[in-house]
Structures are given as C-alpha cells and as structure tokens.
Amino acid sequence: MSVPPTSGRPSWTDVPTHLRARLDDALGTPVTDTVTLSGGFGHALAAALTLADGQRALIKRPLTTTR
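Below, the structure is looked at part by part. Chains are numbered independently. Their residues run from 1 in the order of the written sequence. Reporting of local features is limited, given that this is a predicted model, to residues whose pLDDT is at least 70; pairs of side-chain atoms are given and counted only at 80 or more, and all residues count toward the totals for whole chains, interfaces and linings. With hydrogens and water stripped out, all remaining heavy atoms of the structure feed into the side-chain values.

**So, the overall build of the chain**
Consideration 1: Helix and strand definitions follow DSSP, with helices as H or I runs of at least four residues and strands as E runs of at least two, each counted in order from the N terminus. Along the backbone of the chain there are 1 helix and 3 strands.
Consideration 2: In sequence order, the chain lays out its α and β elements as α-β-β-β.
Consideration 3: Relative to its 67 residues, the chain shows a buried fraction of 21%.
Consideration 4: In the chain, of all internal contacts separated by at least 6 residues, the share reaching a separation of at least 24 is 40%.
Consideration 5: For the chain, the computed accessible surface area is about 5,000 Å², with 54% contributed by carbon and sulfur atoms. Note on classification: 1.4 Å probe, protein chains only; a residue is buried when its accessible area is under 20% of the maximum for its type, exposed when over 50%, partly exposed between these limits. For this analysis, residues touch if any pair of their heavy atoms sits within 4.5 Å. Method for areas: the Shrake-Rupley scheme with a 1.4 Å probe, in which residue coverage is limited to the protein chains shown.

**A look at the sheet that holds strand 1 (residues 31–36)**
Consideration 1: One open sheet accounts for 3 strands, arranged 1-2-3; its pairing is antiparallel. Edge strands, defined here as strands with exactly one partner in the open sheet, are strand 1 and strand 3 (56–61). Geometrically, the sheet is characterised by an average inter-axis angle of 25 degrees between neighbouring strands, direction not taken into account.
Consideration 2: At least two DSSP bridges between two strands are needed for those strands to be called paired. Here strand 2 (residues 45–51) runs beside strand 3; their pairing, made up of 6 bridges, is antiparallel. Each residue of the ladder has a partner; that of Ala47, found in strand 3, is Ile59.
Consideration 3: Strands in contact with helix 1 (residues 17–27) are strand 1, strand 2 and strand 3; relative to strand 2, the strand with the most contacts, it is inclined by about 50 degrees. Whenever a helix is involved, its axis is fitted only over the stretch in contact; in every case the axis is a line through C-alpha atoms, and angles between N-to-C directions fall within 0 to 180 degrees.

**Examining the nonpolar core**
Consideration 1: Each nonpolar core is a collection of buried residues, namely Ala, Val, Leu, Ile, Met, Phe, Trp, Tyr and Cys, held together in the definition by side-chain atoms within 4.5 Å. Trp12, Val15, Val31, Leu45, Ala47, Leu49, Leu51 and Ile59 together form the largest nonpolar core, which totals 8 residues.
Consideration 2: The leading source of residues in this core is strand 2, at 4 residues.
Consideration 3: Beyond its immediate chain neighbours, meaning those up to four positions away, Ala47 contacts Val35, Thr36, Leu37, Ala57, Leu58 and Ile59.

This is the structure:
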C-alpha cells in the first residue's frame, strides 16, 4: 500500500507567542532554537527544542482542538 507523504506541518513560529512563553515557564528556561520535524502521518506541530541551559526537549501537539 502506498502512503502519501505528509505536508503542512505547522512550525514553531505558528505557535502563538503567549503559548511559547508558557512553555518557557513550564520548562524553567527559554527556548533558544527549534527544528520543525517532518515525516510521520499527522499534521500536528512536532519540534525539537534547544533550551537556554543546553537541554533539549521534543514537543508534539495540534495547534487547534475540537470539543
């Protein structure tokens, strides 16, 4: 079975500023660099983050939700 590649994954800059600030607070240090990850089957944000203290984090989250 052929699976089409995914595209249209949001990037870190698509995350609203107030949410990026909340993530900085939750991580305890600011995010200094990001790489938007491609591949997979979803269209959710997936990013590798480098933090000011040298640690790294991975986040994956849709930017919108429905209830």
